[in-house]
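# Structure at a glance
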Amino acid sequence: MKDLIQRKNDHLDIVLNPTAQVKKCSTGFERWRFDHCAMPEMCLDDIDLRSSLFGKTLNAPLLIGSMTGGASRAAAINRHLAEAAQLLGLAMGVGSQRVALESDINSGLTRELRQFAPDIVLLANLGAAQIASRKGLDYARRAVDMIDADALIIHLNPLQEALQRNGDRDWCGVLNAIERTVKALPVPIIIKEVGAGLSVPVARQLMQAGVAMLDVAGAGGTSWAAVEGERAKTLHDRAVAMAFSDWGIPTAQALLALHQALPQAQLIASGGIADGIDVAKALRLGASLVSQAAGVLTSATSSVESVVEHFQIIIDQLRIACFCTGSGSVEQLRQATMVHV
């Protein structure tokens, strides 16, 4: 457990370090451009950004993405994020709850978190390797109950695990475990990659297993291979990890492919979302919801107010993107003209 907690602290230190080179490829969003509407014929303030998720209304189609669940400073980070989500009317996913389940270190992942954000869509989070273990269903139920969550994220991170010292190497039976969890839990299941993207064949298997949403979590944001390379204790391990630093399906490519192949699937776009224009492009390419994690981490270590200001900028950018495409709502934005350049 000590090694696992140290790993979580290392991850935070590396992602927060402005000199660390952990973004190794492009999301692909820069290759898409909206047609500009010079005469919107609407009032900017009247644009409706509301969306819904699991029966609750969001003031904007934004999810504060999973960040940390093990480091000692995680409690403050999670509180700042939860309070900001409540103030802004956004959804929030917590980081992995493995440490909280396997030790007495809860990292703020208790029902107190729900008290800070009583009205939001709050998502629990566990790794696929834990779900596939013999305690998988018990872990899943406890993770949801621990924070009174509206749904459970199961994250897929085979590349990261393969590159970690003492990572989970045995991924046999993961799909069956996911299907078993879908049937057993009373809340929806979301499957999330962690920065290498979901392919269409994998997405199709997951939808057939009954999952409610897919988070594409494509390449272009934080490269967890590069993060593990930064953590490596030997030149051998660093060389192995860094070879995979730009591995994966870019976010825009993964999102478009999944939307075209599985048009009824509810998709979350994450992986390198930089601003409200990226959010608008992701919604146009098929996302139901757009998530950002690393981009707000610095603000999350500071204060609730800093997180609110960060996301208010993204919301204002998204609103103006709607305005300048002649879109009076998120639904109209999904029909706006956008070209690949």
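Residues numbered from 1 in each chain as written. Predicted model: local features only at pLDDT ≥ 70, side-chain atom pairs only at ≥ 80, totals over all residues. Heavy atoms only, no water.

Regarding its fold elements, the protein presents 16 helices and twelve strands. Since a compact globule built from 341 residues should have a radius of gyration of about 20 Å, the 19 Å found for the protein is in line with a globular shape. In the protein, buried positions account for 55% of the 341 residues. Here the contacts in the protein between residues at least 6 apart in sequence split such that 77% fall between residues at least 24 apart. Carbon together with sulfur atoms contributes 49% to the accessible area of the protein, which is approximately 14,700 Å² in total. A gap of 6 Å separates the mean positions of the 31 positive and 34 negative side-chain charges of the protein. (Helix = DSSP H or I, 4+ residues; strand = E, 2+ residues; numbered from the N terminus. Rg over C-alpha atoms; globule rule 2.2 N^0.38 Å. Buried < 20%, exposed > 50% of the residue type's maximum accessible area, 1.4 Å probe, protein only. Contact = heavy atoms within 4.5 Å. Areas by Shrake-Rupley, 256 points an atom, 1.4 Å probe, with all protein chains shown as cover. Lys, Arg positive; Asp, Glu negative; His and termini not counted. Charge placed at Lys NZ, Arg CZ, Asp CG, Glu CD.)

This next bit is on the UniProt feature "binding site: Mg(2+)" (unreviewed entry) in the protein. Here the UniProt-annotated "binding site: Mg(2+)" (unreviewed entry) positions come out as Glu-161. Structurally, the position occupied by Glu-161 is in helix 7 (residues 158–163). Not counting the four nearest positions on each side in its chain, Glu-161 is found in contact with Gly-167, Asp-168, Arg-169 and Trp-171. (UniProt positions renumbered as here; feature names shortened; annotations may be inferred.)

Right, let's get into the UniProt feature "binding site: substrate" (unreviewed entry) in the protein. The UniProt record marks Arg-7, Lys-8, Ser-96, Gln-97, Arg-98 and Gln-160 with the feature "binding site: substrate" (unreviewed entry), using the residue numbering of this structure. Following the sequence through the fold, Arg-98 ends up in helix 3 (residues 98–102).

For helix 8 (residues 174–184), the set of buried residues is Val-174, Ala-177, Ile-178, Thr-181 and Val-182. Each buried residue of helix 8 lies within a common arc of 140 degrees when the element is viewed along its axis, so the set occupies one face. (Arc of directions from axis to C-beta.)

What follows covers the sheet that holds strand 4 (residues 62–64). If you walk around this closed barrel you meet the eight strands as 4-5-6-7-8-9-10-11, and the pairing is parallel. The sheet shows a mean angle of 30 degrees between the axes of neighbouring strands, taken without regard to direction. Two strands pair when backbone bridges link them, and strand 7 (residues 151–156) and strand 8 (residues 189–193) are joined in this way by five bridges, in the parallel orientation. If you follow Ile-153 over to strand 8, its bridge partner there is Ile-190. Packing of helix 2 (residues 74–88) onto the sheet brings it into contact with strand 4 and strand 5 (91–93), and relative to strand 5 it is tilted by some 160 degrees. (Pairing = 2+ DSSP bridges. Axes fitted to C-alpha atoms, helices over the stretch in contact; angles between N-to-C directions.)

Within the secondary structure, Leu-318 is located in helix 15 (residues 304–323). In this structure the C-alpha to C-alpha distance between Leu-318 and Gly-276, which are 42 residues apart in sequence, comes to 4.4 Å.

Once that is clear, we can look at the nonpolar core. In terms of nonpolar packing, the biggest core is built from 86 residues, with Met-92 and Leu-152 touching the most fellow members. No other element matches helix 15, which puts eight residues into this core. Leu-53, Leu-63, Ala-151 and Met-213 belong to the second largest nonpolar core, which has twelve residues in total. (Core = buried A, V, L, I, M, F, W, Y, C linked by side-chain atoms within 4.5 Å.)

This brings us to the pairing of strand 8. Burial runs high along strand 8: five of the five residues are buried. Tracing the backbone out of strand 8, into helix 9 (residues 200–208) and back to the parallel element strand 9 (residues 213–215) gives a crossover that is right-handed. (Right-handed = clockwise from strand over helix to strand, strands pointing away.)

Glancing now at the pattern of salt bridges. Counted by the stated rule, this structure contains 14 salt bridges. Among the salt bridges present, the one from Arg-142 reaches Asp-138, with a minimum N-O distance of 3.4 Å. Within this pair, Arg-142 and its partner Asp-138 are both found in helix 6 (residues 136–147), separated by four residues, close to a single helical turn. Given a relative accessible area of 35%, Arg-142 falls into the partly exposed group. Shared partners join several salt bridges into a network, and the residues in it are Lys-56, Arg-114, Asp-148 and Asp-150. (Salt bridge = Lys/Arg side-chain N within 4 Å of Asp/Glu carboxyl O.)

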